[in-house]
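Summary of the model geometry
Chain by chain, the residues run as shown.
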Amino acid sequence: MLNTSRFQNAEKYAAYLKTPSGRLRSELAWENLCHFLPRNASKLRALDVGGGTGFASVQLARMGYEVVLLDGSEEMLRIAREQAGAASVAARISFCHGDAGRLPELFDAGSFDIVVCHNLLEYGENPSAIVRDIANALRKDAVLSVLVRNRAGEVLKDAIKSRDWKLAVANLTAETVVDSLYGEPVRVFAPAEVRDLLTQASLEVVAEHGVRVFFDYLGLENLTDEAYPQIFKLESALGVRPEFAAIARYIQVIARRSSASSGEVK
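Bear in mind that the values here come from a model prediction, so they are computed numbers and not experimental data. (Residues numbered from 1 in each chain as written. Predicted model: local features only at pLDDT ≥ 70, side-chain atom pairs only at ≥ 80, totals over all residues. Heavy atoms only, no water.)

**Digging into the packing of helix α1 (residues 10-17) against helix α2 (residues 20-34)**
Short version of the rule: Lines fitted to the C-alpha atoms define the axes, with helices restricted to the stretch that makes contact. Angles between their N-to-C directions range from 0 to 180 degrees. Comment: elements are numbered from the N terminus, with helices defined as DSSP H or I runs of at least four residues and strands as E runs of at least two. To sort the angles, those under 35 degrees are grouped as roughly parallel, those over 145 as roughly antiparallel, those from 65 to 115 as roughly perpendicular, and the leftovers as oblique. Residues are treated as being in contact if the distance between any of their heavy atoms lies within 4.5 Å. Three categories are distinguished: nonpolar for Ala, Val, Leu, Ile, Met, Phe, Trp, Tyr, Cys and Pro, charged for Asp, Glu, Lys and Arg, and polar for the others, with Gly belonging to the last.
Orientation of α1 relative to α2, taken along the N-to-C sense of each, is 80 degrees, at an axis distance of 6 Å. The angle between α1 and α2 places the two elements in the roughly perpendicular class. In contact with Y13, Y16 and L17 of α1, α2 contributes S21, G22, R23, R25 and S26. Each residue belonging to the contact of α1 with α2 can be placed in one class, and the counts come to three nonpolar, three polar and two charged.

What follows is the structure, encoded as C-alpha cells:
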C-alpha cells in the first residue's frame, strides 16, 4: 500500500487547498459534478470517500444532501468539522473515521445517491476493489465522481516545468510519481484505465473532464482577485474538450449506476 501517513499532516494539505492550484482543483471538479446532481436533494444521501478537509461534503450539505464524510485521518476530519461548522452545515454531515478498504463493513449495499471519490484511488492498495465496493454502495441511477492524477499531466509537468526530461520519459509508463507536496509516491492513471475501472464495476461512464489543463505551467500562485475567475473560466472551457482534457493534471470521470447494473457487483 502507498504511504498514507502523510495525511496526518492535515494542516499542510489544508493550506495547499487555499492556494490557486488547490482551489482550481476543488472548484473545477465541483462545477463538473454539479451538472449531474439532482436538484431536489431532499432525502438523498451522499458519501464523500476520502473526503479530507471536507470541501465536497460542505457543498453537498449546502444543497440539502445528508452526507457521510469518510476519511482515515482524524486530523483531516477535525478540520472538516471546523469547515462544516463555519458553513453552518455540520448537522447534515456525519464524520466517519475509517478506511476506504472497509466500505462493505461500514455501509450497506444501495446506501447512497451520490458518491464523491476525489484524490483517493492514488493511495489505495487496490483501486479496482475500492471502485467495486463503491458501486455496491450506490443506489439505482446514483452518480459517482472520480478524480485522479493524470499520467500525461505528470509527463508534461516534468518536461515543461521541472525540465527533467529523463523523468518525463520515464513517467510515460510510470505507475507512480513523487507527490510534490509531501515528497511521497502517488499512483497515476491514464483516462482509459479509469474508464476500465468503472466499467468493470458495471458503471456507465457519462462524462470525462480534464482538471487544470494549463495553470500549472504559468507560475501564477499569487493571483489577483480579478485574474482567478478568468483562469477558472478558461480552465473550465478547456477541461470539457477531449484534446485538452487528455493532457490535464487530473482526470475526472463521472459515472452512473443504471437500472441494468442494479444487482450486486461481482
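**A closer look at the side chain of S26**
As a reminder, the rule being used: To sort residues, take the accessible area from a 1.4 Å probe on protein chains only and compare it with the maximum for the residue type: under 20% means buried, over 50% means exposed, and anything in between is partly exposed.
Locating S26 in the fold gives a position in helix α2. Assessed through its relative accessible area of 15%, S26 is described here as buried. Ignoring any residue separated from it by four or fewer positions in sequence, one finds S26 in contact with L17 and F55.

**Structural notes on the packing of aromatic side chains**
Convention followed: Aromatic pairs are defined between Phe, Tyr and Trp rings, using the six-membered ring for Trp, whenever the two ring centres lie within 6.5 Å; interplanar angles under 30 degrees are classed as stacked, those over 60 as edge-to-face, and all others as tilted.
Summed over the entire model, instances satisfying the criterion amount to three aromatic pairs. Here F107 and F112 contribute two aromatic rings whose centre-to-centre distance is 5.2 Å and whose plane-to-plane angle is 80 degrees, an arrangement assigned as edge-to-face. Across the pair, F112 and F107 agree in class, each one buried. Ring centres of Y228 and F232 lie 6.3 Å apart, and the angle between their planes is 35 degrees; this geometry places the pair in the tilted category. Placement of the pair is Y228 and F232 together in helix α10 (residues 227-239), with a separation of four residues, close to one helical turn. Residues Y228 and F232 agree in their burial class; the two are buried.

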